[in-house]
Amino acid sequence: MSTYDAVYRRSIDDPEGFWAEAAADIDWDVAPATVLRDGRWFPDGRLNTCHNAVDRHVLAGHGDRTALIHDSPVTGSVRAYTYAELLDEVARTAGMLRGLGVGAGDTMVIYMPMVPEAVIAMLACARLGAVHSVVFGGFAAAELAVRIDHARPVVVMSASCGIEPSRIVAYKPLLDAALEQAGHRPAHCVILQRPQQPASLVEGRDLDWADALRGAQPAGCVSVAATDPLYVLYTSGTTGAPKGVVRDNGGHAVALHWSMGNVYGVAPGEVFWAASDVGWVVGHSYIVYGPLLKGCTTVLYEGKPVGTPDPGAFWRVAAMHDVRVMFTAPTAIRAIKKEDPSGDFTKKWDLSGLRYLFLAGERLDPDTYHWAAGLLGVPVIDHWWQTETGWPVAAGCAGLGLPTVKPGSPTKSVPGYDVRVLDPAGEECPPGVEGAITIRLPLPPGTLPTLYRDDARFAASYLSRYPGHYLTGDGGYIDEDGYLFVMGRIDDVINVAGHRLSTGQMEEVIAAHPDVAECAVIGVADELKGELPVGFVVLKAGADRDPADVEREVVALVRERVGPVAAFRRAVVVGRLPKTRSGKILRGTMRDIAAGRPYRTPSTIEDPAVLGEISDAL
Ligand code: COA
Ligand code: AMP
């Protein structure tokens, strides 16, 4: 039996023994006597996540070790923080927040670009036992407003601007607009003024970050229950209302710490780099918490894979900071490949220290896999997970002896996860047969216990379809060797450049256009971004409009309401949408047509001729 097989078996046969052992690697204020009760991990344990991510490394004598490197080609700066420096910044920031009334259990929204203060704000929040909710910068004001209204933060932390290669993104006006739209009023907004574009502050409500920090007294760590929430991260569901995924403190610390060594094969003191954004789950887990819990050095990269300044940007960062293990999305590799197909830019840098490249966020297509593996000469490891799980569900576990790779598969279930592929009747699919990918309960520590303020939606979205199983929303199959193949979403979620988006949400925005009678948005395959949204729009009877004008307006509306990250650039006015006789839009068939897959004309279709019109419109 391989190491992986033995560890996996134990995690499934004796989950409580397995995770009790892993929990011993975390500092507890009160060690948990109970490991699992009613699906909740370590219910009687108490700890502080910030203590485990920062203080304990300083206390163990590693204060001089680099904790964080901010590498920012868009501002031309590189800055490193030791663990001792990070502790000082985090403790003072926590003191400042306490002074503004933030306490244990309160929420705080963080809307920031990729600057060290974003990480410091998250950790400061954790230090106080408060709950952060980070909102990705590429979302529009309306999306930020929805999250502010749901999270009801005491304080919002933001910055004057973010820097995209092509433009400066003024965050503060977006925040101001969001607060005008939102019903909830935070007591204060703390604004980091960046020299590239300072913002004007609203008297009484807004505070300049640097001023507020001056004179703040350092705050200590507040002990919280393992089951208390550490953060809420909103993610796209099938409707316009995002889902607030809750992460608790104890299970999260245990699972993430365990994953760093066993999944990613990285040791304390080594440099780990996840080229993502703190607004996504990858940023939460593997820019901030995972590497710091493990005592690694983490890299916070404010730039892109290409254009900042060239397709060698990732290789420069890896070489300059001695990165051992790197993590990005396949789309980033495709972007590099497009600009540097022969990989010449890798030759400019010494990449001999790089041990593994992990990829996730979307399916790793075999072409991209072969290109990256051939170029780098290190294991390229596909792994699959989602905001809800918080850490990998399937992966080649580098720390447990890498298995043979099957391109197109994220390998096998990670210890702790009992992955099952089910048919519509709830029976397990035989090897090679596609079905719904589910995880048998209990989910391991670190996965979502519920949705914020919405236990009913949690049960309805994830637990009700297949009793005793968590529904991932992805479809796929397990082959005869136990390798999982994830083929794509089986709901209305799409994946654009590794960003998870809801077509239902875009449809709600488009349907609000005064001339639109109805619409359907589907994901269409794209060579670079994996998928791109395309909207099919039916005009209201009597709407005397040039279709091209409406198409342009609809595109602008989605950018304004959802944000540039949606990359919604294509809307097509059509005469009708394909529907069943009961009026349900046949989105699945539209997706098949768009993908060029053979499709069966559903027997329930109202008028089969419409399918031809959709095909022509593409
Ligand atoms: N703040 C404000 N705007 C942002 C933003 C942010 N944090 N991130 C992206 N945007 C904007 C971009 O400027 C762009 O705007 P534009 O329409 O005016 O050009 C739009 O959102 C789409 O951005 P993006 O998806 O980044 O596309 P791109 O064409 O600029 O770059 C890639 C393409 C492939 C290079 C880029 O998507 C990438 O690096 N992807 C990696 C994905 C990733 O890290 N995923 C996280 C999961 S691991
Ligand atoms: P997010 O919650 O934003 O991390 O997105 C999660 C979704 O991205 C998953 O449900 C999958 O649809 C997709 N995804 C992530 N990683 C992979 C992967 N390695 N292979 C296939 N799909 C993936």
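If you're wondering where the values come from, they're calculated on a predicted model, not measured in any experiment.

A.B. asks: Hey, could you run me through empty space enclosed by the protein in this one?
C.D. replies: Empty space among the atoms becomes visible once a probe the size of a water molecule is rolled across them. Summed over all chains, the structure comprises 5 cavities of 30 Å³ or more. When its volume is computed, the largest cavity comes out at roughly 60 Å³. Considered class by class, the residues forming the lining of the largest cavity number 5 nonpolar, 4 polar and 1 charged.

A.B. asks: So what exactly am I meant to see when it comes to helix H11 (residues 313-320) here?
C.D. replies: In an α-helix, one turn spans 3.6 residues; hence positions three or four apart end up facing the same way. Counting buried residues in H11 gives 6 out of 8 residues, a clear majority hidden from the surface. Buried within H11 we find Ala313, Phe314, Trp315, Arg316, Val317 and Ala318. Of the surrounding secondary structure, the elements contacted by the buried residues of H11 are strand S4 (66-72), strand S16 (271-274), strand S17 (297-301), strand S18 (323-328), helix H12 (330-339) and helix H13 (366-376). Immediately beyond the C-terminal end of H11, within one or two residues, lies aspartate 322, with a positive phi of roughly 60 degrees.

A.B. asks: Explain the environment of leucine 451 here, please?
C.D. replies: Mapping leucine 451 onto the fold places it in the loop between strand S24 (435-440) and helix H14 (455-463). Along the backbone, leucine 451 and leucine 539 are 88 residues apart, and their C-alpha atoms lie at a distance of 37 Å. Contacts of leucine 451, omitting those with residues within four sequence positions, involve Lys243, Gly244, Val245, Val246, Arg457, Phe458 and Tyr462.

A.B. asks: I'm lost on the site of ligand 2 in this one. Help?
C.D. replies: If you check the shell around ligand 2, you find 15 residues, and the closest are His383, Thr387, Asp474, Arg489 and Arg500. Between ligand 2 and threonine 387 there is a distance of 2.5 Å, counted from an oxygen atom to a side-chain nitrogen or oxygen. One of the side-chain N or O atoms of arginine 489 is found 2.8 Å from an oxygen atom in ligand 2. When ligand 2 is considered free in solution it has 490 Å² of accessible area, and contact with the protein chains removes 93% of it. When residues of the shell around ligand 2 are traced back to their parent elements, those giving at least two are strand S20 (380-384) and strand S26 (484-489).

A.B. asks: What is the right way to read the layout of surface pockets from this model?
C.D. replies: The computed volume of the second largest pocket comes to approximately 430 Å³. Surrounding the second largest pocket, 22 residues form its lining, Tyr8, Ser413, Val419, Ile478 and Gly482 being those nearest its centre. Where the lining of the second largest pocket is concerned, the elements lending two or more residues are helix H1 (3-13), strand S22 (412-413), strand S23 (419-422) and strand S25 (469-478). In terms of residue class, the lining of the second largest pocket is made up of 12 nonpolar, 3 polar and 7 charged.

A.B. asks: Help me understand the domain arrangement of the protein in this model?
C.D. replies: It is common to give the size of an interface as the accessible area that goes away when the parts come together. Here the domain parsing of the protein yields domain 1 (3-303 + 385-472) and domain 2 (493-617). On a C-alpha basis, the centres of domain 1 and domain 2 stand 33 Å from each other. Counting residues at the interface gives 17 residues for domain 1 and 15 residues for domain 2. Taking both sides of the interface into account, the surface hidden between domain 1 and domain 2 amounts to around 1,300 Å²; carbon and sulfur atoms contribute 48%. Linking domain 1 with domain 2 are 1 salt bridge, by the criterion used here. Between glutamate 388 and arginine 500 there is a salt bridge, with its nearest N and O atoms 2.8 Å apart. Viewed at the interface, domain 2 and domain 1 are joined by 7 residue pairs in polar contact (both at pLDDT 80 or more). When the residues that make up the side of domain 1 that touches domain 2 are grouped by side-chain class, the tally is 5 nonpolar, 9 polar and 3 charged.

A.B. asks: When you look at the pattern of salt bridges in this model, what are you seeing that I'm missing?
C.D. replies: Two side chains that carry opposite charge are able to pair once their charged atoms sit near each other. Tallied over the entire structure, the rule returns 39 salt bridges. Salt-bridge contacts for lysine 406 lead to aspartate 479; the nearest nitrogen and oxygen are separated by 2.6 Å. Of this pair, lysine 406 sits in the loop between strand S21 (394-395) and S22 while aspartate 479 sits in the loop between S25 and S26, placing them 73 residues apart in sequence. When its relative accessible area of 22% is taken as the criterion, lysine 406 is described as partly exposed. For aspartate 479, a relative accessible area of 8% corresponds to the buried category. Taken together, the salt bridges that share partners define one network made up of Lys172, Asp176, Arg205 and Asp206.

How each quantity is defined
- Residues numbered from 1 in each chain as written.
- Chains lettered and ligands numbered in written order.
- Predicted model: local features only at pLDDT ≥ 70, side-chain atom pairs only at ≥ 80, totals over all residues.
- Heavy atoms only, no water.
- 1 Å grid on protein atoms, 1.4 Å probe; cavity = no way out; pocket = protein on both sides within 12 Å on 5 of 7 lines; lining within 4 Å.
- Points joined across faces, edges and corners; volume = space filled by probe spheres on them.
- Nonpolar A, V, L, I, M, F, W, Y, C, P; charged D, E, K, R; others polar.
- Buried < 20%, exposed > 50% of the residue type's maximum accessible area, 1.4 Å probe, protein only.
- Helix = DSSP H or I, 4+ residues; strand = E, 2+ residues; numbered from the N terminus.
- Contact = heavy atoms within 4.5 Å.
- Near = heavy atom within 4 Å.
- Polar contact = N/O pair within 3.5 Å; in protein donor to acceptor, adjacent residues only side chain to side chain.
- Areas by Shrake-Rupley, 256 points an atom, 1.4 Å probe, with all protein chains shown as cover.
- Domains from an automatic or database assignment.
- Buried area = accessible area lost by both parts, 1.4 Å probe.
- Salt bridge = Lys/Arg side-chain N within 4 Å of Asp/Glu carboxyl O.

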